[in-house]
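Results of the structural survey
One-letter residues, chain by chain:
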Amino acid sequence: MTTATEPARRGRPGYDRDSMLEVVVEVFNERGYDAASLGSIAEKLGLSKSAIYHHFASKEQMLEVALGRALDALEAVFESPGATTGPVVSRIRHVVRGAVLVLCEEMPFVTLLLRLRGNTPIELEAMRRRREFDRKLRALFELSRDEGTLRADMDPRIAERLTFGMVNSIVEWYRPDGTITPEQLADSVLELVRTGLRDPASL
């Protein structure tokens, strides 16, 4: 059996693994992972069920690969030098900007991640990895509090929840084909974070 890290199989004409995965994720988001069947996925693709196995061994593997795409992109933000070195305020800005850009670039995949219910081991592991992002951003706000750049009346846990709550809500309304670019959106989110969470004396 193949895994999420193994090379893609040669596929049927018309789809490579990435383009097929985009359609699969669309079905997962429309129907919910539990309700989406291989039959509904095959119908959306215009392929037979057997043709899907040229790319993926199972529906579970589709989910694992799709969630990995979102999680790996977000982890790259948190593990980059901009998130781990330098002034803490700059690190927070880097993380928030990066999270917004990843969400815009990988919106269907992040949407799938945000809608998980934890009904399978794959979902539970993805949710564990996602909680690590919460913990890391909260740790940055704790550092900001300790150095006096986070407003004194703001709990770092609340700051983290409010920030990620705002970022995650983007999947509900943002349209990549609209007039607002991902960079403009990231700037707007950062401005709200800056004015809402930082100590007024440090603005």
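None of these values were measured; they are calculated from a predicted model.

A word on the overall build of the chain. Counting secondary structure elements, the chain contains 10 helices and zero strands. Reading the secondary structure of the chain in the N-to-C direction produces α-α-α-α-α-α-α-α-α-α. Expressed along its principal axes, the backbone C-alpha trace of the chain runs to roughly 65 × 35 × 30 Å. Across the 203 residues that make up the chain, the buried fraction comes to 42%. Considering only contacts in the chain between residues 6 or more positions apart, those separated by 24 or more positions represent 66%. Positive and negative charge centroids in the chain, built from 28 and 31 side chains respectively, lie 2 Å apart.

The topology assignment puts glutamate 106 in the loop between α6 (88–105) and α7 (107–114). Separated by 2.8 Å, the side chains of glutamate 106 and arginine 69 make a polar contact.

This next bit is on the packing of helix α9 (residues 156–168) against helix α10 (residues 182–197). Relative orientation of the contacting elements α9 and α10 amounts to 160°, with a least axis distance of 11 Å. What the angle tells us is that α9 and α10 run roughly antiparallel. Two packed elements cross with a definite hand, and for α9 against α10 that hand is right-handed. Where α9 approaches α10, its residues Ala159, Thr163, Met166 and Val167 are matched on the opposing element by Val189, Leu192, Val193 and Leu197. Taken together, the residues of the contact of α9 with α10 sort by class into seven nonpolar, one polar and no charged.

With respect to the helices and strands, glutamate 160 occurs in helix α9. When the C-alpha atoms of glutamate 160 and phenylalanine 133 are compared, they prove to be 9.7 Å apart, with 27 residues separating the residues in sequence. Apart from the residues lying within four places of it in its own chain, the contact partners of glutamate 160 are Asp134, Leu137, Arg138 and Phe141. Here arginine 138 takes part through its side chain, which lies 3.0 Å from a polar atom of the side chain of glutamate 160.

On to helix α8 (residues 121–147), then. The terminal C-alpha atoms of α8 lie 40 Å apart, and with 27 residues this matches the ideal 39 Å at 1.5 Å per residue to within 8%. Listing the buried residues of α8 in full gives Glu123, Ala126, Arg129, Phe133, Leu137, Leu140, Phe141 and Ser144. On its buried face, α8 is in contact with α4 (59–79), α5 (81–84), α6, α7, α9 and α10. Once α8 finishes, glycine 148 follows within two positions and takes phi at roughly 90°, a positive value.

This part covers the side chain of serine 40. Turning to its location among the elements, serine 40 is positioned in helix α2 (residues 38–45). Aside from chain neighbours lying at most four places away, what touches serine 40 is Val27 and Arg31.

Parameters at a glance
- Residues numbered from 1 in each chain as written.
- Predicted model: local features only at pLDDT ≥ 70, side-chain atom pairs only at ≥ 80, totals over all residues.
- Heavy atoms only, no water.
- Helix = DSSP H or I, 4+ residues; strand = E, 2+ residues; numbered from the N terminus.
- Buried < 20%, exposed > 50% of the residue type's maximum accessible area, 1.4 Å probe, protein only.
- Contact = heavy atoms within 4.5 Å.
- Lys, Arg positive; Asp, Glu negative; His and termini not counted.
- Charge placed at Lys NZ, Arg CZ, Asp CG, Glu CD.
- Polar contact = N/O pair within 3.5 Å; in protein donor to acceptor, adjacent residues only side chain to side chain.
- Axes fitted to C-alpha atoms, helices over the stretch in contact; angles between N-to-C directions.
- Parallel < 35°, antiparallel > 145°, perpendicular 65-115°, else oblique.
- Left-handed = near helix turned anticlockwise from the far one by under 90°.
- Nonpolar A, V, L, I, M, F, W, Y, C, P; charged D, E, K, R; others polar.
- Expected span 1.5 Å × (residues − 1).

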